[in-house]
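The lines below spell out each chain.
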Amino acid sequence: MKFGCLYYADSENIGDDIQTYAQRRFLPRVDYWIDRESLHIFSPDEEYKVALIMNAWFMYTPQNWPPSPYIYPLFISAHFSKYHVQWLKSKEEKYSLAQRYLKENEPVGCRDASTLQILQELGIEAYFSGCLTLTLQPFPDVKKQDYICLVDVPPEAAEYVKKKGYNVRIMSHDSGALKKMSPQERLEQAEKYLKIYQGARCVLTSRLHCALPCTGLRTPVLVLYAPEYDERFSSLKRFLHTTDIESFLGGSWDIFLQAPFCCSSGYIPYANRLLKTCEDFVNRVLQETKKADVGYVSYREAAIFQSIIRKETYIAENYRLYERVEEVKAINEDLQKINHDIQRMNDNLQNSVKELQLYNTDQDKAIKELKAMNGELRQYGLDQEHVNTELIAQATELKKMNEDLKQYSLNQERTNTELNSQAIELKTMNEELRQYSLDQERTNIELSAQVADLKRQLDNLLNLSEKERKLIQFLRKRKKQY
């Protein structure tokens, strides 16, 4: 079986081509490039079916459904917009052809919860598959660099990041040049974008098909999320960092900018399932050849259906245009009221101008008086300056005196220390003298006792000497006698 590759020829959004790029990786070759909005008229070179992975946003032209009988589809990562597709709104018989086509090719892998709910309510077997761009793998030849990608973010967010001093790279998924490129050139452009995203330190974006590929490429990404994106984003937010512009500008994500980190690895089981589903599909159809069942009845039924849907789409678009006209009318009425208010404000302003002119005259007088006062104040300022000079001189002198006093205080402190030391020494000497006095007193008592004793001994000696003298005299007398 041959292979087709789905793309959107009139798209000016590189995100559509990134989805095509994710699909192309599974195909062994591309035999046909098939436009998403022209699926119903596809016709190959042979009367055999062409395998086609149907991962896309369906669709701006709902009357161009169902696809050609030559297409052998794999519905994976599909999104059906309830705002554009009339035949998803109910189970009415007139919509049965489109719904039967999905029923015949179930299960349908849905990119988001909104599509899953719509199909299940119609009795079509469906499951949440996630987006095929989650299967993208990092390029081996791309190295991380120190820049932040800002992809279709509000100007105030871009200015905020710039003021933080980061190296930024401002990009957009919208480009009118894409419509002039061939499918191969569009894929080359998509690959350039993907490599830029992989090389970034982180990515800040409002685009779903920037955020999801970055997740697959392991690049930290932060989505500036708005409630109007909820139909497409709600079931995918668990794989992404999301915030609103007010929180971002309030600094809630400054830490992320400083040290970016990926949200979670919760997407990996879905990516692995997508890989297996696509690989199994390709391997299976490589071994098959299916002849297309093309007949008058099927073409007639398709033509009737397309006529109905084309009419309803036209009516729905007209109704939307009518609603917009009513909105514009309401806006015009509001603008008229605003103009009336502005006119009244202008009248008030003219009156205010006259009052201001009178006020300005008074102000001129006041200015002259203020000038005179200013001259006096200037003279006062000069006098004050002279006073300040004298005060500075006095302050300098006082500072010097303070330094002298401080030095005197230090000297006095040292003197007091020395005196305290001498007082301690004198106290010690006093104690020693007191002890010496006590010892001297005891010595004096002992000496007094010794003197008294010696006096007694002397008296004794004196008495003895008197007796000896008398004895000597007696002996001398006796000697003369003999």
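Residues numbered from 1 in each chain as written. Predicted model: local features only at pLDDT ≥ 70, side-chain atom pairs only at ≥ 80, totals over all residues. Heavy atoms only, no water.

Moving on, we get to the overall build of the protein chain. Broken down by element type, the protein chain carries eleven helices and 13 strands. Radius of gyration (C-alpha) of the protein chain: 55 Å, far over the 23 Å computed for a compact globule of 482 residues. Sorting the 482 residues of the protein chain into buried and exposed places 36% on the buried side. Put simply, of all contacts in the protein chain between residues at least 6 apart along the chain, 68% involve residues at least 24 apart. Approximately 30100 Å² of the protein chain is accessible, and the part contributed by carbon and sulfur atoms is 53%. (Helix = DSSP H or I, 4+ residues; strand = E, 2+ residues; numbered from the N terminus. Rg over C-alpha atoms; globule rule 2.2 N^0.38 Å. Buried < 20%, exposed > 50% of the residue type's maximum accessible area, 1.4 Å probe, protein only. Contact = heavy atoms within 4.5 Å. Areas by Shrake-Rupley, 256 points an atom, 1.4 Å probe, with all protein chains shown as cover.)

Attention now moves to the packing of aromatic side chains. Taken as a whole and assessed by the stated rule, the structure comprises 20 aromatic pairs. With a centroid separation of 5.8 Å and 85° between ring planes, the pair formed by Trp 65 and Tyr 101 is classed as edge-to-face. Taken together, the residues Trp 65 in the loop between strand E4 (57-58) and strand E5 (71-75) and Tyr 101 in helix H2 (residues 96-104) connect sequence positions 36 residues apart. The exposure classification of Trp 65 matches that of Tyr 101, with both residues buried. (Phe/Tyr/Trp six-rings, centres within 6.5 Å; stacked < 30°, edge-to-face > 60°.)

This next bit is on the pattern of salt bridges. Pairing is possible between side chains of opposite charge, provided their charged atoms come close. Per the stated rule, a full pass over the model turns up 19 salt bridges. Between Glu 12 and Lys 179 there is a salt bridge whose closest N-O contact spans 4.0 Å. A residue pair is termed long-range when its members are at least 10 positions apart, and Glu 12 in the loop between strand E1 (2-7) and helix H1 (14-24) and Lys 179 in the loop between strand E10 (168-171) and helix H5 (183-199) qualify at 167 residues. Taking the relative accessible area as the measure of exposure, Glu 12 reaches 38% and is therefore partly exposed. Its salt-bridge partner being Asp 439, residue Arg 442 comes within 2.1 Å of it at the nearest N-O pair. Here Asp 439 and Arg 442 lie together in helix H11 (residues 296-481), a separation of three residues that amounts to about one turn. Residue Arg 442 is classed as partly exposed on the basis of its relative accessible area of 45%. (Salt bridge = Lys/Arg side-chain N within 4 Å of Asp/Glu carboxyl O.)

Once that is clear, we can look at a nonpolar patch on the surface. On the surface, a nonpolar cluster with roughly 450 Å² of combined accessible area is contributed by Ile 331, Leu 335, Ile 338, Ile 342 and Met 345. Here Ile 342 falls in the partly exposed class, since its relative accessible area comes to 39%. (Patch = residues over 30% accessible without salt bridge, like charges linked within 9 Å, V, L, I, M, F, W, Y side chains within 5 Å.)

Next up on the list: unusual backbone geometry. Cis peptide bonds are those with omega within 30 degrees of zero, and the linkage from Phe 58 to Met 59 qualifies with -15°. By the element assignment, Met 59 lies in the loop between E4 and E5. Residue Pro 66 is bonded to the preceding Trp 65 through a cis peptide linkage, with omega at 5°. The topology assignment puts Pro 66 in the loop between E4 and E5.

Here we come to the pairing of E5. Remember that side chains alternate between the two faces of the sheet whenever the strand is regular. Most of E5 sits inside the fold, with five of its five residues counted as buried. On E5, burial covers both faces: Ile 71, Pro 73 and Phe 75 on one face and Tyr 72 and Leu 74 on the other are all buried. Summarising the sheet, strand E3 (residues 50-54) and E5 pair through five bridges and their orientation is parallel. Note that in E5 the partner of Ile 53 across the bridge is Leu 74. (Pairing = 2+ DSSP bridges.)

Taken together, the five strands give an open sheet; going across it, the order is E10-E9-E11-E12-E13, and neighbouring strands pair in parallel fashion. Lying at the two open borders of the sheet, with one neighbouring strand each, are E10 and strand E13 (241-243). Pairwise comparison of adjacent strand axes, ignoring direction, gives a mean angle of 20° for this sheet. Inspection of the sheet shows strand E9 (residues 148-151) paired to strand E11 (residues 202-205) by four bridges, in the parallel sense. Bridging from a neighbouring strand, Ile 148 pairs with Cys 202 of E11. (Axes fitted to C-alpha atoms, helices over the stretch in contact; angles between N-to-C directions.)

Moving on, we come to the state of the cysteines. Enumeration according to the criterion identifies zero disulfides in this entry. Residue Cys 131 stays outside any disulfide, its sulfur separated by 11 Å from that of Cys 278, the closest cysteine. Under the relative-accessibility criterion, Cys 131 is labelled buried at 1%. Cysteine Cys 149 shares no disulfide, and the gap to the nearest cysteine sulfur, in Cys 210, comes to 7.3 Å. (Disulfide = S-S within 2.5 Å.)

With that settled, the discussion passes to the side chain of Thr 115. Structurally, Thr 115 can be placed in helix H3 (residues 113-121). The class for Thr 115 is buried, based on a relative accessible area of 0%.

So, about the side chain of His 241. Within the element layout of this structure, His 241 appears in strand E13. Judged by relative accessible area, which is 8%, His 241 ranks as buried. Within the structure, His 241 has its side chain in polar contact with the backbone oxygen of Phe 261 (distance 3.0 Å). In this structure the side chain of His 241 is engaged in a polar contact, spanning 3.4 Å, whose partner is the backbone nitrogen of Cys 263. Apart from residues lying up to four places away in sequence, His 241 is in contact with Val 221, Leu 222, Val 223, Trp 253, Phe 256, Phe 261, Cys 262 and Cys 263. (Polar contact = N/O pair within 3.5 Å; in protein donor to acceptor, adjacent residues only side chain to side chain.)

The strand order across the open sheet built from four strands is E2-E1-E3-E5, with neighbouring strands paired in parallel fashion. Every other strand in the sheet has two partners, leaving strand E2 (32-35) and E5 as the edge strands with one partner each. Averaged over all neighbouring strand pairs, the angle between strand axes comes to 30°, with direction disregarded. Here helix H10 (residues 268-286) sits on the sheet and contacts E1, E3 and E5; the angle it forms with E5, its principal contact strand, is near 160°.

In terms of strand pairing, E1 meets E2 through four bridges, oriented parallel. Looking at the pairing, Tyr 7 lines up with Asp 35 of E2. As for the winding sense of the linkage, the β-α-β connection from E1 through H1 to E2 is right-handed. (Right-handed = clockwise from strand over helix to strand, strands pointing away.)

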